[in-house]
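Given next are the chains, with one letter for each unit.
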Amino acid sequence: MRRLVMLVLLLGAAGALGAAAAALAGGGYGYGGGGTTGSTTAASSASSETYVFKATLTRGQEVPRPVGAKATAAGTFSATTKEQGSTRTFRWKLTFRNLTSRAVAAHVHMGRRGVSGPVIIALCGPCRNGQTGTLKITSNAEDAMERGTAYVNVHTVKNKNGEIRGQLRVVAS
Ligand SMILES: [Cu+2]
């Protein structure tokens, strides 16, 4: 798998070199840029944006109220999204502690504070403390997180609807 990716990258590089050579030989068709006539492709790839999100997960934010959750039940979630063209890459890390039972799943859900909503990003299932992941997300999910209308929810065996929850907020962009 990794070898294949390398091969594709090498072929891509060879193709780029070939295009550059062709551009030089044939009087050029704008490949390589550097001039003042920047193409739309160059402009859109330059407009990549990065957002940093955080959430502090507690039992108190959970809706409906979890059963038997300890006051010390808590978690942290941090993530970054990188927008490049229409692609949004989401890198995340989740920690949690003092849960009643195994963490069977964690998601990002759509919803304001105090309101339950649908899953917009599936993070893990089952989940372990300190787990990380990288995936592509939709623009709808990105927009909800930027607006503050998304939250992270950790589901456990004893609290299938969720035991700790935290509203996502933008901390840097
Ligand atoms: Cu969920």
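Provided above is the structure to which this section pertains.
What this report covers is the structure whose coordinates are included nearby.

Rules behind the numbers
- Residues numbered from 1 in each chain as written.
- Predicted model: local features only at pLDDT ≥ 70, side-chain atom pairs only at ≥ 80, totals over all residues.
- Helix = DSSP H or I, 4+ residues; strand = E, 2+ residues; numbered from the N terminus.
- Buried ≥ 20, exposed ≤ 12 C-beta atoms within 10 Å, placed from the backbone.
- Core = buried A, V, L, I, M, F, W, Y, C linked by C-beta atoms within 7 Å.
- Contact = placed C-beta atoms within 7 Å.
- Pairing = 2+ DSSP bridges.
- Arc of directions from axis to C-beta.

Let us look at the environment of Gln 131. The residue Gln 131 is located in strand S6 (residues 131-137) in this model. Residue classification places Gln 131 among the partly exposed residues on the basis of 16 C-beta atoms within 10 Å. The spacing of Gln 131 and Thr 95 is 36 residues in sequence and 6.9 Å in space, taken between C-alpha atoms.

Moving on, we get to the nonpolar core. Within soluble globular proteins, side chains that are nonpolar generally end up buried alongside one another. In terms of nonpolar packing, the biggest core is built from 27 residues, with Val 152 and Leu 168 touching the most fellow members. Secondary-structure elements contributing two or more residues to this core are strand S1 (49-58), strand S2 (74-84), strand S3 (87-97), strand S4 (103-110), strand S5 (119-124), helix H3 (139-147) and strand S7 (150-156). With sequence-adjacent residues up to four places away left out, Val 152 is seen in contact with Ala 55, Leu 57, Phe 77, Ala 106, Val 108, Arg 165, Gly 166 and Leu 168.

Attention shifts here to the pairing of S7. Burial analysis of S7 places seven of its seven residues in the buried class, the great majority of the element. The alternating pattern of S7 places Ala 150, Val 152, Val 154 and Thr 156 on one face and Tyr 151, Asn 153 and His 155 on the opposite face, and all of these are buried. By the bridge criterion, seven bridges tie S4 to S7 in an arrangement that is antiparallel. By the bridge assignment for S7, His 109 is matched with Tyr 151. Where S7 meets strand S8 (residues 164-167), four bridges bridge the pair, whose relative direction is antiparallel. Bridge pairing in S8 places Asn 153 opposite Arg 165.

Okay, the pairing of S3 next. Judged from the eleven bridges that link them, S2 and S3 form a sheet pairing that is antiparallel. Bridge pairing in S3 places Phe 77 opposite Leu 94. The antiparallel pairing of S2 with S3 creates a hairpin that spans two residues between the two strands, and Gly 85 there sits at a positive phi of about 60°. Of the strand pairs in this sheet, S3 and S6 are connected by seven bridges, and their pairing is antiparallel. Among the inter-strand pairings, Trp 92 is bridged to a residue of S6, identified as Gly 133.

Regarding H3, the residues found buried are Glu 142, Ala 144 and Met 145. Summarising the axial view, the buried residues of H3 lie within an arc of 165°, below the 170-degree limit, and thus occupy one face. In H3, the exposed positions that point more than 90 degrees away from the buried face belong to Ser 139, Asn 140 and Arg 147. In the stretch just after H3, Gly 148 is the one whose phi turns positive, near 85°.

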